[in-house]
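Here's the letter readout for the chains.
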Amino acid sequence: MNSSSKGKIGIIGSGLIGKSWAMLFVGAGYNVVIYDVVKDQIDNALIDIGKQLAALQERGLLRGTTSAGEQFQLVGTSDNLRQCVQDAIYVQECVPESLEMKLSLFKELDSLADKETILASSSSAIPCSKFTENLTNRHRCIIAHPVNPPYYMPLVELVPSPWTEQNVIDRTRSLMTELGQSPVTLKKEVRGFIQPRIQYAIIMECLKLVEENVLDIEDVDKLVKDGLGLLSAFLGPFEMNHLNDENGIRSFFASHLDEADSVLSSLGAPVPMDSSSPLIREISNRLESVVPVKDLVERRRWRDERLAALAKLRSDLDKDRDSC
């Protein structure tokens, strides 16, 4: 371990999410060990992390106070799970969204990790209680669900199980804040957590607008990216409407009560998100005509560059506000 490190972090899984978590932790000065069962994937992940850190530094977007080279020196790899988690203060699991896989992995972690180590999962939908109930150290387990891509999207949903200790919740939230992330803590487990619930509600209404021939597919995307999306980059829904009404949010709710009830009562039943349905096929064909599957990697790079620019803008604006 690097002598200047703040401590050791274990990352389980070397995919997109695992690499992003590793970059966040080394940016804050932690020593990271990435574990994966596929050695070639670990080697490729290490190369990619080095390239990404260098590119971030070149664009002035690298987090932390040390150079890309210094941060890269904090990244290690292992194909031995015990070696990855031994002496770690925190472990972040980033395996596929499979209950069976998480049950097996956390059973191993329960016996291998130190008794004070926090065991966090990047699960996007499976609650912690589903794969930790029978563990000896279940009180140290928690969900820390990032938004993809985590390096540019600071939100992290912290979802404790009914038996997660408050100390574990507090330590995890403090750690996420130290990384520069923006943690929100759920008071209880709910199906789908929060970010996916809101996302599903939006995509469901968008599907209805297309199905009922209210808007074209392109105009639905435009509606969000050139409308609510711009405001949402800086404001949440409550503050957005607090500012939109001349007399604040109390007045907003009072003046929009009848309209909201009327609109909400007209929404009807959810549209099945069946990939074989004519509606989903139509949307898929239209999107793939604009961005073919073979070009998704390049388009994601385009997305990440814009998210990086937005992150820098937000950071600069926050600095200007703090200096006022």
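Definitions and cut-offs
Residues numbered from 1 in each chain as written. Predicted model: local features only at pLDDT ≥ 70, side-chain atom pairs only at ≥ 80, totals over all residues. Heavy atoms only, no water. Phe/Tyr/Trp six-rings, centres within 6.5 Å; stacked < 30°, edge-to-face > 60°. Buried < 20%, exposed > 50% of the residue type's maximum accessible area, 1.4 Å probe, protein only. Pairing = 2+ DSSP bridges. Helix = DSSP H or I, 4+ residues; strand = E, 2+ residues; numbered from the N terminus. Axes fitted to C-alpha atoms, helices over the stretch in contact; angles between N-to-C directions. Contact = heavy atoms within 4.5 Å. Core = buried A, V, L, I, M, F, W, Y, C linked by side-chain atoms within 4.5 Å. Right-handed = clockwise from strand over helix to strand, strands pointing away. Expected span 1.5 Å × (residues − 1). Bend = angle between axes of the 7 residues up to and from the residue.

> Can you explain the packing of aromatic side chains? Please cite residues and give values.
Counted under the stated rule, the structure contains six aromatic pairs. Here the aromatic rings of Phe25 and Tyr30 are separated by 6.1 Å at their centres, their planes lie at 90°, and the arrangement is edge-to-face. By relative accessible area, Phe25 is classed as buried at 0%. Measuring from centroid to centroid gives 5.5 Å for Phe252 and Phe253, while their planes differ by 65°, and the two rings are edge-to-face. The class for Phe252 is buried, based on a relative accessible area of 16%.

> Outline the sheet that holds strand β8 (residues 182-185), listing residues and values.
Taken in spatial order, the eight strands make up an open sheet running β3-β2-β1-β4-β5-β6-β7-β8, and their pairing is mixed. Each edge of the open sheet is held by one strand with a lone partner, namely β3 (75-78) and β8. Neighbouring strand axes in the sheet, compared pairwise and without regard to direction, differ in orientation by 25° on average. Direction of pairing for strand β1 (residues 8-12) relative to strand β2 (residues 31-35): parallel, over a ladder of five bridges. If you follow Ile9 over to β2, its bridge partner there is Val32. Across the sheet, helix α2 (residues 39-58) is in contact with β2 and β3; its angle to β3 comes to roughly 170°.

> Please set out the nonpolar core residue by residue, giving values where relevant.
Note on soluble globular proteins: their nonpolar side chains tend to be buried together. If you look at the biggest cluster of nonpolar residues, it comprises 37 residues, and the most contacted ones within it are Ile11, Trp21, Phe25, Val32, Tyr90 and Met176. Ranked by residues supplied to this core, first place goes to helix α1 (residues 16-27) with six residues. In terms of nonpolar packing, the next biggest core, distinct from the first, is built from 24 residues, Leu112, Phe131, Leu135 and Cys141 among them.

> Hey, could you go over the pairing of β8 for me, with residue numbers and the actual values?
The pairing of strand β7 (residues 155-160) with β8 spans four bridges and is parallel. Each bridged residue has a counterpart across the sheet, and for Val156 the counterpart in β8 is Pro183. Handedness of the crossover joining β7 and β8 through helix α7 (residues 166-179): right-handed.

> Hey, could you go over helix α9 (residues 217-232) for me, with residue numbers and the actual values?
With 16 residues, α9 should cover 22 Å at 1.5 Å per step; its first-to-last C-alpha distance of 21 Å lies within 8% of that length. Its axis deflected by about 30° at Lys225, α9 carries its strongest bend there.

So, to be careful, I would describe these as geometric facts and stop short of saying anything about function.
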